[in-house]
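# Secondary and tertiary structure notes
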Amino acid sequence: MIELTPTQIRGLKLAKDGDLFPQAGKKWTHLNAEVTYSKTDRFKERPQKIKFLTTTTMNELTELGLIERNNVEDDADQDPRKITMAGKMWLLQNK
């Protein structure tokens, strides 16, 4: 049984929502991520922050085999990452 920190769990859940791409500042997030506004916000002014994952956490999850590279031929630093079946199974068992 693999034990993950809360930060790693959030990163794994973010990867489950879609492929993660490298961004500026050693962060990883979805391809066209942008600040959005909550549909249920009565003031319509409070932005929902962009969720991201740091490179350190990404490397930890990759070493555990929960996240993998999409294109092995491309440069490893710029290659998008996706969740593996092992990562999906871990999330199902540890909700």
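Notes on the structure follow. (Residues numbered from 1 in each chain as written. Predicted model: local features only at pLDDT ≥ 70, side-chain atom pairs only at ≥ 80, totals over all residues. Heavy atoms only, no water.)

## Describing the overall build of the protein chain
Selection rule: Secondary structure counts use DSSP, requiring at least four H or I residues in a row for a helix and at least two E residues in a row for a strand, with both numbered from the N terminus. When a residue's accessible area, from a 1.4 Å probe over protein chains only, is under 20% of the maximum for its type it is buried; when over 50% it is exposed; and in between it is partly exposed. Any pair of residues with heavy atoms lying within 4.5 Å of one another is described as a contacting pair.
For the protein chain, the count of helices and strands is three helices and seven strands. Taken from N to C terminus, the helices and strands of the protein chain fall in the order α-β-β-β-β-β-α-β-β-α. By principal-axis analysis of the C-alpha atoms, the protein chain measures approximately 45 × 35 × 20 Å. Looking at the protein chain as a whole, 26% of its 95 residues are labelled buried. Of all intrachain contacts in the protein chain linking residues separated by at least 6 positions in sequence, the fraction that spans at least 24 positions is 44%.

## Examining the nonpolar core
Filter applied, for reference: Grouping buried Ala, Val, Leu, Ile, Met, Phe, Trp, Tyr and Cys residues that are joined through side-chain atoms within 4.5 Å yields what is termed a nonpolar core.
If you look at the biggest cluster of nonpolar residues, it comprises 14 residues, and the most contacted ones within it are Leu12 and Leu20. Every element with two or more residues in this core is listed here: α1 (6-16), α2 (55-63) and α3 (85-93). Sorting elements by how many residues they give to this core places α1 first, with three residues. Residues within four places of Leu20 in sequence aside, it is in contact with Leu14, Ala15, Trp28, Thr29, His30, Leu53, Met58, Pro80 and Arg81.

## Let's talk about the pattern of salt bridges
Operational definition: A pairing counts as a salt bridge when a side-chain nitrogen of Lys or Arg comes within 4 Å of a carboxyl oxygen of Asp or Glu.
This structure, assessed with the given rule, holds two salt bridges. In this structure, Lys82 and Glu68 form a salt bridge, with 3.8 Å as the shortest nitrogen-oxygen distance. You can see Lys82 sitting in strand β7 (residues 81-83) and its partner Glu68 sitting in strand β6 (residues 67-69), a full 14 residues away along the chain. Judged by relative accessible area, which is 32%, Lys82 ranks as partly exposed.

## Quick look at the sheet that holds strand β1 (residues 21-23)
Applicable threshold: DSSP bridges decide pairing: two strands pair if at least two such bridges lie between them.
One open sheet accounts for three strands, arranged β1-β2-β5; its pairing is antiparallel. Pairing within the sheet leaves two strands with one partner each, and these edge strands are β1 and β5 (53-54). Bridge count between β1 and strand β2 (residues 27-29): three bridges; the pairing is antiparallel. Across the sheet, Phe21 pairs through a bridge with Thr29, a residue of β2.

## Here we look at the environment of Leu64
For Leu64, the location among the structural elements is in the loop between α2 and β6. As for Leu64 and Lys16, which are separated by 48 residues in sequence, their C-alpha atoms are 16 Å apart. In this view, Leu64 contacts Ile2 and Leu4; residues no more than four positions away in its chain are not counted.

## Some thoughts on α3
This is how it is decided: Within this analysis, the arc is defined by the directions that extend from the helix axis to the C-beta atoms.
Residues Gly87, Trp90 and Leu91 constitute the buried set of α3. Relative to the axis of α3, the buried residues are bounded by an arc of 95° and lie together on one face. Counted as exposed and oriented over 90 degrees from the buried face of α3: Met85, Leu92 and Gln93. Buried residues along α3 sit against α1 and β7.

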